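Overview (structure and organization)
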Amino acid sequence: MSSAALYAGLAADAQSILADFGWTVQINRPVRTGTQWDPTVTPSISNATAAIVPYTYQAPNGRLPADVTALGYTAAQLSVGDTITDGAITYVVATVETYAPGGQQIINICGLRR
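Read on for a plain summary of the structure. (Residues numbered from 1 in each chain as written. Predicted model: local features only at pLDDT ≥ 70, side-chain atom pairs only at ≥ 80, totals over all residues. Heavy atoms only, no water.)

A few words on the nonpolar core. Counting 13 residues, the largest nonpolar core has Ile-27, Ile-52, Ile-84 and Leu-112 as the members making the most contacts within it. Those elements that provide at least two residues to this core are strand S1 (23-34), strand S2 (39-54), strand S5 (89-99) and strand S6 (107-113). Here this core gets 3 residues from one element, more than from any other, and that element is S2. In this structure Ile-84 touches Val-25, Gln-26, Ile-27, Ile-52, Leu-78, Ile-89, Thr-90, Tyr-91, Val-93 and Leu-112, once residues within four positions along its chain are discounted. (Core = buried A, V, L, I, M, F, W, Y, C linked by side-chain atoms within 4.5 Å. Buried < 20%, exposed > 50% of the residue type's maximum accessible area, 1.4 Å probe, protein only. Helix = DSSP H or I, 4+ residues; strand = E, 2+ residues; numbered from the N terminus. Contact = heavy atoms within 4.5 Å.)

Okay, here's the thing in structure tokens:
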């Protein structure tokens with residue numbers, strides 16, 4: 001089995017797990033147009049499947065800020081500063097790590113703040 005086929009299989013497995021155990025959340029991304037001195041900010045809202053779990057300890061790698069309260073797992077493209085609304089709870093995306101071995105995106109793991 002080639003590396004590309006293996007990574008494509010891993011991506012399909014991740015999507016399947018998210019479909020089985022995840023739920024729909026709302027992603028809000030501010031879209032900025034205009035100039036630095038006269039900006040226009042318009043919200044861009046989309047839905048994505050995600051799983052959000054509580055996060056209560058500092059990772060040994062030290063890459064997550066201490067005030068991260070949850071981790072989100074999704075295939076959706078996210079940026080730091082986007083917000084994710086899960087029911088009545090809104091989180092701000094603090095970190096985004098994309099796992100893409102061999103250039104094949106598997107999943108995004110996001111540090112979230114309340």
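The discussion continues.
What follows covers the sheet that holds S5. Pairing within the closed barrel is antiparallel, and its 6 strands lie in the order S1-S2-S3-S6-S5-S4. Sheet twist, expressed as the mean angle between neighbouring strand axes with direction ignored, is 45°. Across 4 bridges, the pairing between strand S4 (residues 83-86) and S5 is antiparallel. Bridging from a neighbouring strand, Ile-84 pairs with Tyr-91 of S5. Of the strands in this sheet, S1, S2, strand S3 (70-74) and S6 are in contact with helix H1 (residues 3-21), which crosses S2 at around 85°. (Pairing = 2+ DSSP bridges. Axes fitted to C-alpha atoms, helices over the stretch in contact; angles between N-to-C directions.)

Turning our attention to the pairing of S6. Counting buried residues along S6, 5 of its 7 residues qualify, which places the element largely inside the surrounding structure. Of the strand pairs in this sheet, S3 and S6 are connected by 5 bridges, and their pairing is antiparallel. Each residue of the ladder has a partner; that of Gly-72, found in S6, is Cys-110. Sheet analysis places S5 next to S6, joined by 7 bridges and oriented antiparallel. Note that in S6 the partner of Val-93 across the bridge is Leu-112.

That is the geometry; function is a separate question.
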